[in-house]
There are 2 protein chains.
Amino acid sequence: MDEGQALASFGALSQETRLQIVRMLVVAGPDGMAAGAIAEKLEVSPSNVSFHLKELDRAGLIGQQRESRSIVYTANYDVLGGLVRFLMEDCCAGHPEVCAPAAQVAACCVPAARNVP
Amino acid sequence: MDEGQALASFGALSQETRLQIVRMLVVAGPDGMAAGAIAEKLEVSPSNVSFHLKELDRAGLIGQQRESRSIVYTANYDVLGGLVRFLMEDCCAGHPEVCAPAAQVAACCVPAARNVP
DNA sequence: TCCATATTTCAATAATCCTTGAAATGTTGA
DNA sequence: TCAACATTTCAAGGATTATTGAAATATGGA
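Residues numbered from 1 in each chain as written. Chains lettered and ligands numbered in written order. Predicted model: local features only at pLDDT ≥ 70, side-chain atom pairs only at ≥ 80, totals over all residues. Heavy atoms only, no water.

In the nomenclature of an unreviewed UniProt entry, chain A is known as DNA-binding transcriptional regulator, ArsR family of Rhizobium hainanense.

Once that is clear, we can look at the overall build of chain A. Per the secondary structure count, chain A includes six helices and three strands. Counting from the amino terminus, chain A carries its helices and strands in the arrangement α-α-β-α-α-β-β-α-α. Across the 117 residues of chain A, 50% fall into the buried class. Residue pairs in contact within chain A that sit at least 24 positions apart in sequence constitute 53% of those at least 6 positions apart. As displayed, chain A offers around 5,700 Å² of accessible surface, 47% of which is attributable to carbon and sulfur atoms. (Helix = DSSP H or I, 4+ residues; strand = E, 2+ residues; numbered from the N terminus. Buried < 20%, exposed > 50% of the residue type's maximum accessible area, 1.4 Å probe, protein only. Contact = heavy atoms within 4.5 Å. Areas by Shrake-Rupley, 256 points an atom, 1.4 Å probe, with all protein chains shown as cover.)

With that settled, consider the protein's contact with DNA strand D. DNA strand D sits among 20 residues. The nearest are Arg18 and His52 of chain A together with Gly36, Ser50 and Tyr73 of chain B. The share of sugar and phosphate among atoms of DNA strand D within 4 Å of the protein is 67%. One of the backbone nitrogen or oxygen atoms of alanine 35 of chain B is found 3.2 Å away from a phosphate oxygen of DNA strand D. One nitrogen or oxygen atom from the main chain of glycine 36 of chain B is found 2.6 Å from a phosphate oxygen belonging to DNA strand D. Only helix H4 (46–58) of chain A together with helix H3 (35–42), helix H4 (46–58) and strand S3 (70–75) of chain B provide two or more residues apiece to the surface near DNA strand D. Within the surface near DNA strand D, the residues separate by chemical class into six nonpolar, nine polar and five charged. (Near = heavy atom within 4 Å. Polar contact = N/O pair within 3.5 Å; in protein donor to acceptor, adjacent residues only side chain to side chain. Nonpolar A, V, L, I, M, F, W, Y, C, P; charged D, E, K, R; others polar.)

This brings us to the protein's contact with DNA strand C. Around DNA strand C there are 20 residues in total, and Gly36, Ser50 and Tyr73 of chain A together with Arg18 and His52 of chain B lie nearest to it. Backbone atoms, meaning sugar and phosphate, make up 67% of the atoms of DNA strand C lying within 4 Å of the protein. Between DNA strand C and serine 47 of chain B there is a distance of 3.0 Å, counted from a base oxygen to a side-chain nitrogen or oxygen. Listing elements by their share of the surface near DNA strand C, those giving two or more residues are helix H3 (35–42), H4 and strand S3 (70–75) of chain A together with H4 of chain B. Of the residues belonging to the surface near DNA strand C, the class tally is six nonpolar, nine polar and five charged.

Okay, structure coming up:
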């Protein structure tokens, strides 16, 4: 991920409804959620949720696929992971010791990373 | 870090000049950089850099301290680490397997986390 | 084909954010 | 104290972004 893409990602995530959408889709997993279901759960109008979904799609944070009458959206884990990497690599570029605490987060995903010093 | 703080952080990082400032300060380390030095390096007017520094400060991403005539800014590594954690915990909340790749980033900071599966 | 469903698009308005340059604040050394 | 330096504050304007509701598009079933 380059700086331009990170900028777009941060911009996309800097709006409450969009951040909530991404969090919902991350939890929803590969099955994703239909636009209507997202709108209903967040109590936002269909046209408004559509606007924000388009923004998230432009930033590459989500993907979409038509499924019968619905359009199902899914989180793009690669891009989200790339954003994490971008933040941490920047950190390491200068002073590795100060960003070590952030590395502990890895413990929640990868058992081998547990109990880092 | 709660959702509100993450939202503020994303907003602060979603502007090119501000993202560049944060990256510079992260690399600069605990010594930080004076406002003037930042402005000069990024070729931005003093008043404009001051505007963005204030935004970053409001979001908690940087700190400041007067040093003689200059005001020296430093990155807030805790908050940046908290942002990484926020992104990854969200990820883990649903489907740990999809965010494992992001955990590999930890290898750049903590030797113990190297070679994760 | 026709209707209901699901979603997007569009135009208009409102709200927020960024930039600019001039003036104000605080600091140091002569 | 005064002048030069470093930075911030302020107001105005321009630019971008968000919200709304109505109309358009696409799909599936009677």
